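Breakdown of the fold
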Amino acid sequence: MSNERQITLSYRLALDEDPGDRLDEPAVADWFLDTFGQKEHGWICPSAPFKAERVRASRRVADHGYIDSAWWNSDSELLRVWIFSGVPSDRAVQPKFRAGSYGLNLYLFQTDRHFASRGGSFNIASGNFKSEARIQWPVMTPVFPESTFWFDRPDPSWTWGDGNPPTWVYVIGRGDPVLVNSGLSFFALARHGNRPGRIPDHWAPGQRLPGAINVAFFDGHVEQVQLERLWQLYWYYDCQPPGKRPGLKRWTP
C-alpha cells in the first residue's frame, strides 16, 4: 500500500504542475515516461515481484504478470510511440526495461492527446474522464489497482462464463474461447486478503470471490478492496456500478 501511495503522490504532483484541469497535460506524459514501471518509484509489490526467469524463457518484447509476479516490457520506447502522440519523437525514454505489479485505469489517462486512437485496445472510449471536473466521485474512482497488465479499461457490467475469473491463475484477455473476460480482467486477482492456499482451477460464477487487491484512488487514498467490491466502484465517466457482480447469486457487502 505504501508503494501505491508513493505512485499516487507523484502522479498528483504531475497533475498539479499545470493550471488546467485536463488529465493529459504534458507533465503527466513526462511523469509516465520517467517513472512508470520502475521499482525505485514503487511499481513492484512484494507479493508480485519481477521474475527474471520469465523474461529469459520468453521470446516476447512484453508479457502479462500473474497473481504472484509482475508484468514486464523490455522496450519502453514503444510506450512513447504507441501512446503519446504529442511527445517529440526524439524524446529519450530510459530505462528501456519496465515491470510492475500495478496498472492504469485507462479511463483516466486516455484522451485524444494521450493514448491516441490507433485501433484495437486504444480506441477512444466514451467513458474517458478527460478532465478532473468529470470525475464525479474521486474517493470511489480507482487510478492504480493491482494488476497483471499495465492497463485495463474495466466494464463492471460484464460477466464471465463457467470457469475461473481470468487472472487468478491464467492471463486471459477479451475474446478468449475458454475463459470469458470478467469485465475487470486484469484487476480481479486474489493477491491479498482471505483466499485459498491453492486457487482452484474452477470457480462457479455465482460463488463469492475470495481475496482482495490494493487500490489507489483519485482523491489520493489507498485501501485494500475485496474483489466483490470492485463492482461497486466508479471506473469511468458516468459509470453506474451494478452494486454487486453480475452473476453473483447472493452477497451482502
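Nothing here was measured: the structure is a model prediction, and the numbers come from that model.

Focus on the overall build of the chain
Looking only at helices and strands, the chain has four helices and eight strands in total. When the elements of the chain are put in sequence order from the N terminus, they spell out α-α-α-β-β-α-β-β-β-β-β-β. For the chain, the proportion of its 253 residues judged to be buried stands at 53%. A fraction of 64% describes how many contacts in the chain between residues 6 or more apart in sequence connect residues 24 or more apart. Split by element, the accessible area of the chain, about 11,200 Å² in all, is 51% carbon and sulfur.

Considerations on the side chain of serine 101
With respect to the secondary-structure elements, serine 101 resides in the loop between strand 3 (98–100) and strand 4 (104–105). Here the side chain of serine 101 touches cysteine 45 through a polar contact of 2.8 Å, landing on its backbone nitrogen. Of the polar contacts made by the side chain of serine 101, one reaches the backbone oxygen of alanine 48; its length is 2.8 Å.

Focus: the packing of helix 1 (residues 2–16) against helix 2 (residues 26–35)
The geometry of helix 1 relative to helix 2 is characterised by a closest axis approach of 8 Å and an angle of 150° between their N-to-C directions. In terms of orientation, helix 1 lies roughly antiparallel with respect to helix 2. Seen from helix 1, the contacting residues are Ile7, Ser10, Tyr11, Ala14 and Leu15; seen from helix 2, they are Ala27, Val28 and Trp31.

Remarks on the pattern of salt bridges
One pass over the full model with this rule turns up nine salt bridges. The shortest N-O distance in the salt bridge between arginine 91 and aspartate 34 comes to 3.0 Å. Of this pair, arginine 91 sits in the loop between helix 4 (77–83) and strand 3 while aspartate 34 sits in helix 2; the two residues are 57 residues apart in sequence, bridging distant segments of the chain. Of the charged contacts, one joins arginine 54 and aspartate 63 as a salt bridge, the two residues approaching to 3.5 Å between their closest N and O atoms. Linked through salt bridges whose partners overlap, the residues forming this network are Asp30, Asp34 and Arg91.

Structural notes on the pairing of strand 8 (residues 222–226)
Strand direction decides the pairing type here: strand 7 (residues 212–217) and strand 8, joined by five bridges, are antiparallel. Pairing of asparagine 214 across the sheet is with glutamine 224, part of strand 8. Counting the residues that bridge the hairpin from strand 7 to strand 8 gives four residues, and of these glycine 220 lies at a positive phi of roughly 105°.

Regarding unusual backbone geometry
Residue proline 95 is reached from glutamine 94 by a cis peptide bond, and omega for that bond is -5°. One non-glycine residue with positive phi stands out, namely lysine 130, at about 70°. Its location among the elements puts lysine 130 in the loop between strand 4 and strand 5 (142–145). For aspartate 238, which is not glycine, the phi torsion reads 60° and is therefore positive. Note that aspartate 238 resides in the segment after strand 8. Judged by relative accessible area, aspartate 238 falls into the partly exposed class, the value being 47%.

Criteria and cut-off values
Residues numbered from 1 in each chain as written. Predicted model: local features only at pLDDT ≥ 70, side-chain atom pairs only at ≥ 80, totals over all residues. Heavy atoms only, no water. Helix = DSSP H or I, 4+ residues; strand = E, 2+ residues; numbered from the N terminus. Buried < 20%, exposed > 50% of the residue type's maximum accessible area, 1.4 Å probe, protein only. Contact = heavy atoms within 4.5 Å. Areas by Shrake-Rupley, 256 points an atom, 1.4 Å probe, with all protein chains shown as cover. Polar contact = N/O pair within 3.5 Å; in protein donor to acceptor, adjacent residues only side chain to side chain. Axes fitted to C-alpha atoms, helices over the stretch in contact; angles between N-to-C directions. Parallel < 35°, antiparallel > 145°, perpendicular 65-115°, else oblique. Salt bridge = Lys/Arg side-chain N within 4 Å of Asp/Glu carboxyl O. Pairing = 2+ DSSP bridges.

Structural measurements only, silent on function.
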